[in-house]
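Coordinates in review
Each chain, written out:
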Amino acid sequence: MDFNLSAEDRELVDLIDRVGAEKFAPKAFERRNEDGHPADNMRLLGELGVLGVCLPVEVGGAGRDALSGILAIEHIARWCPRTAISATMAIAGPGMFIARWGTAEQKAKYLPAIRSGEANMAIALTEPQAGSALTDLATRAEIRDGVCVLNGHKTFCSHAGWDRHILVFCRFAPGTGGIGAVIVERGTPGFTLSQPHYHMSGSPWWELFFDNAEVALDNVLFAGDGFRKLMSSYSLERCAAGASSIGIAQAAFELARQHSVERKQFGRPICDFQFVQDKLANMYLALEQARLLLYKAVKGGHGSVGRLESSAAKVAATEAAVFVCDQAMQIFGGSGMSQEMPLEWMYRMVRTATVAGGTSDIHRGMIASELVGRRFEHRPLAPG
Ligand SMILES: Cc1cc2nc3c(=O)[nH]c(=O)nc-3n(C[C@H](O)[C@H](O)[C@H](O)COP(=O)(O)OP(=O)(O)OC[C@H]3O[C@@H](n4cnc5c(N)ncnc54)[C@H](O)[C@@H]3O)c2cc1C
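1. Brief notes about the overall build of the chain
Along its length, the chain carries 12 helices and 11 strands. A compact globule built from 384 residues would reach a C-alpha radius of gyration of about 21 Å, and the chain, at 21 Å, matches this within 12%. A principal-axis box enclosing the C-alpha atoms of the chain has dimensions of 80 × 55 × 45 Å. Counting over 384 residues, the chain shows a buried share of 47%.

Shown next, in the form of structure tokens:
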């Protein structure tokens, strides 16, 4: 197996590292409590062609494999965690669904703005009563008098207040096969957003309310069979969540490594102490192991990744990142706990990734299911 990056991928990450160090890093920490979308960074990534890296050539993308997208997200995250979350949505989110499943009109209408960084698209899956049990989603879509009418309530929708469009998963008919997806524009009558709420990372999320919201039929991405399609395309987004976590954790590791050499206690650099050495070695091991699993999962893939591989990569990468950020904080001692330092924010960022996009528990269940070739029933068995 060739563990070297291709010349094209090397160029891509070098470009991002150059731009990241010069343009993203100086403002990255300021953005932690900022409600604003990192619009300037996104436009720059759009101009550089980074956001369209995985989109097919026919729709103006670079047509590169999923590894290029994952590398791009990881390297953006090293310099600006906030920008990495937005770039994850653009590179591995709804745009990929539209590129894969959309009509020619939908591709022409929505993909250029995503590719250029001008407008991202949020994704609304979760409902108050349908989180891990996503197939219980109850937001209804009815085709009536030539329009699609939506009624329901979504929650935890990241970026909904920033983005022009939201890809809303909804129910056209009973059962898993009745789940579909509709592209909804902000400002659609009958569609309202809550005030922003915030995760522990400072990232905002919104509730969405649909009260007879009328959406043009042209905006229906699929009127059924959406869950299967969601699962097949969402696997890339899971890997992307792993990539941004690894990028953030790599930055935390670099800070801790440097600090261990510079900080002196008892008249010696703290890296002279075995407990600190142990931490550095374990952080390195965790990062490298998770990165290998992640790259192996996506290499050569276009748009979708295997179920076993994507769940394994997501769990390994997000949990490694939590461990590494936690250990980096420990190596920094008191200043690692300070809100004036970026580390505790980086920890909060990666911690949320073990829940977003399916919790680690749910992914472990999926891994086990693939390993033994059985689908485990989560619902109570019918009496008798
Ligand atoms: C940072 C962040 C960003 C997010 N962004 C979005 C977004 O943009 N769009 C969107 O739609 N959603 C988003 N979400 C929501 C996210 O997808 C859900 O929070 C997640 O799927 C879990 O659902 P829940 O919160 O309802 O928890 P629950 O499903 O209520 O789970 C609670 C606990 O029970 C466990 N559990 C539940 N069922 C099982 C089972 N069968 N086996 C084992 N354990 C189980 C879970 O692992 C968890 O520990 C985001 C969440 C976070 C944290």
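Read on, since the account is not over.
2. Focus on the packing of helix α3 (residues 66–79) against helix α4 (residues 81–92)
For the pair α3 and α4, the least separation of the axes is 8 Å and the interaxial angle reads 165 degrees. With respect to their mutual orientation, α3 and α4 come out roughly antiparallel. When the axes of α3 and α4 are compared, the crossing they make is right-handed. Contacts between α3 and α4 involve Gly-69, Ala-72, Ile-73, Ile-76 and Ala-77 on the former and, on the latter, Pro-81, Thr-83, Ala-84, Ala-87, Thr-88, Ile-91 and Ala-92. Looking at side-chain class alone, the contact of α3 with α4 contains 9 nonpolar, 3 polar and no charged residues.

3. Brief notes about the domain arrangement of the chain
Each assigned domain of the chain is listed with its residue range as follows: domain 1 (7–120), domain 2 (122–224) and domain 3 (228–372). Of note, the centres of domain 1 and domain 2, computed from C-alpha atoms alone, are 23 Å apart. Every contact between the two is made by 17 residues of domain 1 and, on the other side, 15 residues of domain 2. The set of elements that each furnish at least two residues to the side of domain 1 that touches domain 2 consists of α4, α5 (94–101) and α6 (104–116). No other element matches α5, which puts 4 residues into the side of domain 1 that touches domain 2.

4. A closer look at the site of the ligand
Around the ligand there are 22 residues in total, and Gly-131, Ser-132, Ala-356, Thr-359 and Asp-361 lie nearest to it. Only β1 (121–124), β3 (147–158) and α12 (360–372) provide two or more residues apiece to the shell around the ligand. The residue inventory of the shell around the ligand, partitioned by class, reads 9 nonpolar, 12 polar and 1 charged. Formed jointly, the shell around the ligand draws a minimum of three residues from each of two domains, domain 2 (122–224) and domain 3 (228–372).

5. Topic: the nonpolar core
If you look at the biggest cluster of nonpolar residues, it comprises 113 residues, and the most contacted ones within it are Val-182, Ala-252 and Cys-325. Per element, the largest residue contribution to this core is 16 residues, and it comes from helix α7 (residues 226–262). If near-sequence neighbours (up to four positions away) are discounted, Cys-325 is found in contact with Ala-249, Ala-252, Leu-343, Met-346, Tyr-347 and Val-350.

6. Structural notes on helix α1 (residues 7–28)
Remark: the principal bend of α1, roughly 50 degrees, maps to Gly-20. If you check which residues of α1 are buried, you get Leu-12, Ile-16, Gly-20, Phe-24 and Ala-28. Where α1 is buried, its residues contact α2 (39–47), α3 and α4.

7. Examining α5
Of all 8 residues in α5, 6 are buried; the element is thus mostly enclosed. Restricting attention to buried positions, one finds in α5 the residues Pro-94, Gly-95, Met-96, Phe-97, Ile-98 and Ala-99. Contact partners of the buried residues in α5: α4, α6, β1, β4 (165–171), β9 (220–222) and α7.

8. Overview of the pairing of β3
Bridge analysis of strand β2 (residues 140–144) against β3 gives 5 bridges, and the strand direction is antiparallel. Bridging from a neighbouring strand, Ala-141 pairs with Leu-150 of β3. Between β2 and β3, which pair antiparallel in sequence order, lie 2 residues; one of them, Asp-145, sits at a positive phi of approximately 45 degrees. Two elements, β3 and strand β8 (residues 204–216), share 9 bridges in a ladder whose sense is antiparallel. Its bridge partner lying in β8, Cys-157 is registered against Trp-206.

9. Side note on the pairing of β1
Taking every second residue as pointing to the same face, both faces of β1 are buried, with Met-121 and Ile-123 on one and Ala-122 and Ala-124 on the other. One ladder, built from 4 bridges, connects β1 with β4; its direction is parallel. Looking across to β4, one finds that Ala-122 is bridged to Ile-166.

The rules we used
- Residues numbered from 1 in each chain as written.
- Predicted model: local features only at pLDDT ≥ 70, side-chain atom pairs only at ≥ 80, totals over all residues.
- Helix = DSSP H or I, 4+ residues; strand = E, 2+ residues; numbered from the N terminus.
- Rg over C-alpha atoms; globule rule 2.2 N^0.38 Å.
- Buried ≥ 20, exposed ≤ 12 C-beta atoms within 10 Å, placed from the backbone.
- Axes fitted to C-alpha atoms, helices over the stretch in contact; angles between N-to-C directions.
- Parallel < 35°, antiparallel > 145°, perpendicular 65-115°, else oblique.
- Left-handed = near helix turned anticlockwise from the far one by under 90°.
- Contact = placed C-beta atoms within 7 Å.
- Nonpolar A, V, L, I, M, F, W, Y, C, P; charged D, E, K, R; others polar.
- Domains from an automatic or database assignment.
- Near = placed C-beta within 6 Å.
- Core = buried A, V, L, I, M, F, W, Y, C linked by C-beta atoms within 7 Å.
- Bend = angle between axes of the 7 residues up to and from the residue.
- Pairing = 2+ DSSP bridges.

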